[in-house]
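# Structure at a glance
Spelled out from the first residue to the last, the chains are:
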Amino acid sequence: MGHFLAKPIRNGASPGLIAAIVDRRGVRAIAAAGVRKAGHPQPLLTTDSIHIGSNTKAMTATLLAVLVRDGVFAGGWNTAIADVFPDVCDHIHPEYRDATLWQLVTMTSGVRCDAADWHAHRDADLIERRYAILRDNLADPPAATAGEYQYSNLAYVVAGAMAERITGRTWETLMQERLFEPLGMASAGFGPPGTPGEVDQPWGHQRDPESGDWVPNQLDNAAAMGPAGTVHVTFEDWAKFMSLWLAEGPPAILDREGVDRLITPVSGRYAAGWSVATRFWAQGKATTHSGSNTSWFALLWIAPRIGHAYVVAANSAEADVSSTFRLLDGIVSKLIRSSRRARHTARLFGP
């Protein structure tokens, strides 16, 4: 598998790359190439944490599903913004009052993509900061009609803020207590991985537009944006989350119906934190998402029917992130082909 990564590294496509094939038993094949930080010798390791960007959304949706199952939301998935924030009803646009938790996570609430300023109210604690951003940004009319798909980071922050208001706990605390710890995801955290100023974990990178060199950084999205995209995690622990859709028996948390609901599209191809497509190699439904904080890029595909997932991450992102997506998508395609050949050989010759 390492040879899929070596050429892009030699060509300067990224300072570092990690790729893995996951099945029902966990990570079955993994490789890393390149370095943690451009200009430094420390190699990127398969045990390193990577920033997963908007792949966080599937985790947030799963956390909310756990809270719905446990009765935290009185109306379940149909709990509306006005039910949780009656104090904000006079300040937000009337069409948002009845927007539900389910509409928020399936991006059918009409909420626009991003807040006007993710760094606003930075002196407030996280719960108050997210509430203030909600109040500021839902005053304007919706960006789309309710029921129509509109990709939205802000919708996920609003959904996270609803959980915070009801529980009195930050989204970060809820994620640790209700998702990461039950799944044994000890490496999962928030923001750039590693110690500030140290190279004990990979750094993110952006390309200098003049020199073309990769410039390392430890930057991330604003902390307020957490529910939409600030998680970092190792591949081994990320595979524990993937296993919810790969397990043959009952999933580790939730139940099969609750887990499957999260990957059932509502409008077009988007479900709750996942895009869904039919693929020949997946023998049916495949779920996917990518994520970038503009310094990292991670791409994941899960094929529940064949019990496999394919994941690749770069500790960099081009200014035109579509080019980084194409790089990683090409690597995933190679992982899929190699995995299919291996399964075919196993069927022919047995153990």
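Each helix and strand counted, the protein has 11 helices and 11 strands in total. For 351 residues, the compact-globule formula gives about 20 Å, and the C-alpha radius of gyration of the protein, at 20 Å, lands near that figure. Residue burial in the protein is summarised as follows: out of 351 residues, 53% are buried. Contacts in the protein between residues at least 24 apart in sequence constitute 66% of all its contacts with a sequence separation of at least 6. For the protein, the accessible surface area stands at approximately 14,500 Å², while carbon and sulfur atoms represent 50% of it. Within the protein, one finds 33 positive and 35 negative side-chain charges whose respective centroids are separated by 12 Å.

Right, let's talk about the sheet that holds strand E7 (residues 231-234) for a bit. A sheet is described by the order of its strands in space; here three strands give the open sequence E3-E7-E4, paired in antiparallel fashion. Strands at the two margins of the open sheet, each flanked by one partner only, are strand E3 (49-51) and strand E4 (189-190). Bridging between E4 and E7 involves two bridges; their strand directions are antiparallel. Its bridge partner lying in E7, Phe 190 is registered against Val 231.

So, on to the packing of helix H2 (residues 56-69) against helix H6 (residues 153-167). Two numbers describe a pair of packed helices, the interaxial angle and the distance between the axes. H6 packs onto H2 with a crossing angle of 30 degrees between their chain directions and a minimal axis gap of 11 Å. On the basis of their axis angle, the class for H2 and H6 is roughly parallel. Both H2 and H6 take part in a crossing whose hand is left-handed. On H6, the residues touching Lys 57, Thr 60, Ala 61, Leu 64 and Leu 67 of H2 are Asn 153, Tyr 156, Ala 159 and Ala 163.

Next up on the list: helix H1 (residues 3-10). Inspection of H1 places Phe 4, Leu 5 and Pro 8 among the buried residues, and these make up the whole buried set. The arc that holds the buried residues of H1, viewed along the axis, is 85 degrees, so those residues lie on one side. Facing away from the buried side of H1 by over 90 degrees, the exposed positions are His 3, Lys 7 and Arg 10.

Our focus in this paragraph is the pattern of salt bridges. Per the counting criterion, the structure on display carries 13 salt bridges. With a shortest N-O distance of 2.6 Å, Glu 164 and Arg 130 are connected by a salt bridge. A residue pair is termed long-range when its members are at least 10 positions apart, and Glu 164 in helix H6 and Arg 130 in helix H5 (residues 126-137) qualify at 34 residues. Here Glu 164 falls in the buried class, since its relative accessible area comes to 1%. Residue classification places Arg 130 among the buried residues on the basis of a relative accessible area of 0%. A salt bridge links Glu 172 to Arg 130, with the nearest nitrogen and oxygen atoms 2.7 Å apart. Taken together, the residues span a long stretch of sequence, with Glu 172 in helix H7 (residues 171-183) and Arg 130 in helix H5 at a distance of 42 residues. Each member of the pair, Glu 172 together with Arg 130, is buried. Several salt bridges share partner residues, and in doing so they unite Asp 23, Arg 25 and Arg 28 into one network.

Another point: the nonpolar core. Met 59, Trp 238 and Phe 241 are the most contacted members of the largest nonpolar core, which totals 82 residues. Setting aside anything within four residues of it in sequence, one finds Phe 241 in contact with Ala 58, Met 59, Thr 62, Leu 179, Leu 183, Met 185 and Trp 274. Ranked by size, the runner-up nonpolar core spans 24 residues in total, among them Leu 5, Ala 303, Val 312 and Leu 327.

Glancing now at the confidence of the model for the protein. Of the residues in the protein, 97% reach a pLDDT of 70 or more, and the chain-wide mean stands at 95. With pLDDT under 50 throughout, residues 344-351 is counted as low confidence; its partners more than four residues away or in other chains account for one contact.

The next thing to look at is H7. Taking 1.5 Å as the rise per residue, H7 with 13 residues should run 18 Å; its terminal C-alpha atoms sit 17 Å apart, in good agreement. Roughly 30 degrees is the biggest bend found in H7, and it falls at Glu 177. Those residues of H7 that fall on the buried side of the exposure criterion are Trp 171, Glu 172, Leu 174, Met 175, Leu 179, Phe 180 and Leu 183. Note on H7: the residue one or two positions beyond its end, Gly 184, has a positive phi of about 75 degrees.

Cut-offs applied
- Residues numbered from 1 in each chain as written.
- Predicted model: local features only at pLDDT ≥ 70, side-chain atom pairs only at ≥ 80, totals over all residues.
- Heavy atoms only, no water.
- Helix = DSSP H or I, 4+ residues; strand = E, 2+ residues; numbered from the N terminus.
- Rg over C-alpha atoms; globule rule 2.2 N^0.38 Å.
- Buried < 20%, exposed > 50% of the residue type's maximum accessible area, 1.4 Å probe, protein only.
- Contact = heavy atoms within 4.5 Å.
- Areas by Shrake-Rupley, 256 points an atom, 1.4 Å probe, with all protein chains shown as cover.
- Lys, Arg positive; Asp, Glu negative; His and termini not counted.
- Charge placed at Lys NZ, Arg CZ, Asp CG, Glu CD.
- Pairing = 2+ DSSP bridges.
- Axes fitted to C-alpha atoms, helices over the stretch in contact; angles between N-to-C directions.
- Parallel < 35°, antiparallel > 145°, perpendicular 65-115°, else oblique.
- Left-handed = near helix turned anticlockwise from the far one by under 90°.
- Arc of directions from axis to C-beta.
- Salt bridge = Lys/Arg side-chain N within 4 Å of Asp/Glu carboxyl O.
- Core = buried A, V, L, I, M, F, W, Y, C linked by side-chain atoms within 4.5 Å.
- pLDDT = per-residue confidence, 0-100.
- Expected span 1.5 Å × (residues − 1).
- Bend = angle between axes of the 7 residues up to and from the residue.

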